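Each chain is listed here by its residues.
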2 protein chains.
Amino acid sequence: MRNIALVIGYDGTGYYGFQTQPGGNTVQDHLEAAIRLLTGETVKLHGSGRTDAGVHARAQVAHFHTESTIPVERWSIALNTRLPNDIVVYEAREMPLDFHARRSAKLKTYRYVIQNSKFPDLFYTRTRFHDHRKLDTAAMKEALTYIKGTHDFTSFCTVRCDKDSRVRTIYDADLLVLHDPLPGDELARSIHFEITGNGFLYNMVRIMAGTLIQIGQGKRRPEDMKRILEAKNRRLAGPTAEAHGLTLWRVEYD
Amino acid sequence: MRNIALVIGYDGTGYYGFQTQPGGNTVQDHLEAAIRLLTGETVKLHGSGRTDAGVHARAQVAHFHTESTIPVERWSIALNTRLPNDIVVYEAREMPLDFHARRSAKLKTYRYVIQNSKFPDLFYTRTRFHDHRKLDTAAMKEALTYIKGTHDFTSFCTVRCDKDSRVRTIYDADLLVLHDPLPGDELARSIHFEITGNGFLYNMVRIMAGTLIQIGQGKRRPEDMKRILEAKNRRLAGPTAEAHGLTLWRVEYD
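By convention here, each chain's residues receive numbers from 1 onward along its written sequence. Whichever chain is written first is A, and whichever ligand is written first is 1; the rest continue in order. Totals for whole chains, interfaces and linings use all residues, but because this is a predicted model, local features are given only for residues with pLDDT of at least 70 and pairs of side-chain atoms are given and counted only at 80 or more. The side-chain values count all of the structure's non-hydrogen atoms but skip hydrogen atoms and water molecules.

- Under an unreviewed UniProt entry, the name given to chain A is tRNA pseudouridine(38-40) synthase TruA, and the source organism is Paenibacillus mesotrionivorans.

Written out as structure tokens, the structure is:
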């Protein structure tokens, strides 16, 4: 028995999220099918976490147990030839048997990207949320100072949230603004909201992004982020931002 | 009668090129249909040049004559709501009646992008040609020094080339290498071949890119570029590189 960990990227546009669903067509389904084609084995893949329908991953991690003797350096090429083009296995590693992609994860980083320009940049329509109003990035940056640290994030969890504890630690939350001129729009730019924590509740990054966008639009003030957090009430936060702007950027282990 | 110039971007993946073809589904067809929906007029759009099936544009320019009185600042929004998502009109300007998108053009710039990494970067599969072999970018840069200036580019024109003169002037030809790490591939990078000239023959940039890639792979030497150019023989140059790596970057006028 071997324990293989995969580092996987996917364009989530066409999938119902990472994790197997009754309706099918998830990233996990395609990966398990590719492993079955390659080895003849029916394995159960365990991801570091689910990602919603339409959300992307630059480096999702998942593990599975196998009796296969295929050398570890062959797995990525062998699986990529059996996967759709919008799912890529970048790397495979043999891990100790007790390694678990979700339970062993120490840090996760997500990015939410906003295309802030008159018109969408058409080469990024799949991975960036477009807002044509000039966003106040200084206010957005200020708002992020309130979410760093250890907090109860109930306000930023969908009402269907079923976790016992909604306390998580955010180690880093930052905004990177890239000047990215488009024809006829010298001021076009992209705003990259990057957040690293020890775990995230369901929809947490998207609700934060939705709240941040409202702060950028001047509909809320930066200090509202603190008030929302303290209230532990989902209704006070902004809307859940659209899925396609979100990418699971990396997962870190010891 | 007014003369309107549009600055247009498109993801060429799903189209049979810019210019109207008997088979339909070209970018020009969609633009003319959007103008017809908006104004009721059937106009003939003139692009700065054709782009092949699968080739993209960041800033194609096209003009048309119209009796419409729609203010010039309204055209882009009005057309974008009537266009598919992968075609964007970034800007519209009213021009003198003698302005012609092709005949008035002074400079054109194209970019050919190579994703040089173990596996494709899945967020750029539509716009970058993937090569997993480590390319020798110093040799590629040296090769480009030979194509700057005024030359007869017969060797870099498809054999179906029907132009009287194959002499063109290349003002700039450069290679930009961006370090762009992927999971499991710290050395991943993208190679951007950018070329500016007073005009380009049919398939010229793609044949140059195909030749450059062979030089990067070590199959040819940088000096071969000079020899190929002087021979005025298409058969001596490399293959026509795949269309999807190519983007019409900008068109400049006086």
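### Notes on helix H5 (residues 224-231) of chain A
Residue and element names in this part refer to chain A.
So, step 1. Exposure categories follow from relative accessible area, calculated using a 1.4 Å probe and restricted to protein chains: below 20% of the type maximum is buried, above 50% is exposed, and the middle band is partly exposed. Every helix listed is a DSSP run of H or I at least four residues long, and every strand listed is a run of E at least two residues long, numbered separately from the N terminus. The set of residues buried in H5 consists of Asp224, Met225, Ile228 and Leu229. Buried residues of H5 fall within an arc of 135° about the axis and therefore sit on the same side.
So, step 2. Residues of H5 that are buried in the fold lie against helix H3 (137-145), strand S7 (149-152) and helix H4 (204-216). Arc definition: it is the arc formed by the directions from the helix axis to the C-beta atoms. The contact definition used throughout considers only heavy atoms, calling two residues in contact when any of these lie within 4.5 Å.

### Side note on the interface of chain B and chain A
So, step 1. Between chain B and chain A, the residue contacts involve 31 residues of the former and 30 residues of the latter.
So, step 2. Buried area: the sum, over both parts, of the accessible surface (1.4 Å probe) that disappears when the two are put together. Note on chain B versus chain A: buried area summed over both sides is about 2300 Å², and carbon and sulfur give 66% of it.
So, step 3. Considering only the side of chain B, the residues that lose the most area to chain A are Tyr90, Phe119 and Phe123 of chain B, jointly responsible for 32% of the buried surface there.
So, step 4. Take a side-chain nitrogen of Lys or Arg and a carboxyl oxygen of Asp or Glu: if they are within 4 Å of each other, that pair is a salt bridge. Counting every contact that joins chain B to chain A gives two salt bridges.
So, step 5. N or O atoms within 3.5 Å of each other form a polar contact, as long as, within protein, one can give a hydrogen and the other can take it, and as long as residues adjacent in sequence are counted only when both atoms are side-chain atoms. Counting across the interface, chain B meets chain A through five residue pairs in polar contact (both at pLDDT 80 or more).
So, step 6. Mapped by element, the contributors of at least two residues to the side of chain B that touches chain A are strand S1 (2-10), strand S3 (56-66), helix H2 (75-80) and strand S4 (87-95) of chain B.
So, step 7. For the side of chain B that touches chain A, the element with the highest residue contribution is S4 of chain B, accounting for five residues.
So, step 8. Among the residues making up the side of chain B that touches chain A, the classes are represented as 17 nonpolar, eight polar and six charged. Amino acids outside the nonpolar list (Ala, Val, Leu, Ile, Met, Phe, Trp, Tyr, Cys, Pro) and the charged list (Asp, Glu, Lys, Arg) are all regarded as polar, and Gly is one of them.

### Structural notes on the domain arrangement of chain A
Residue and element names in this part refer to chain A.
So, step 1. Split by domain assignment, chain A resolves into domain 1 (2-95) and domain 2 (107-252).
So, step 2. The C-alpha centroid of domain 2 is placed 27 Å from the C-alpha centroid of domain 1.
So, step 3. Between domain 1 and domain 2, the residue contacts involve 16 residues of the former and 15 residues of the latter.
So, step 4. Counting the surface lost from both domain 1 and domain 2, the interface buries some 1200 Å², and carbon and sulfur atoms represent 55% of this.
So, step 5. By the criterion of area lost to domain 2, the three top residues of domain 1 are Asp52, His56 and Arg58, representing 39% of everything that side buries.
So, step 6. Taken together, the connections running from domain 1 to domain 2 amount to two salt bridges.
So, step 7. With its nearest N and O atoms 2.7 Å apart, the salt bridge here joins Arg206 to Asp52.
So, step 8. Class assignment of the residues belonging to the side of domain 1 that touches domain 2 gives a composition of five nonpolar, seven polar and four charged. Residue ranges assigned to the domains are those given by an automatic or database domain assignment.

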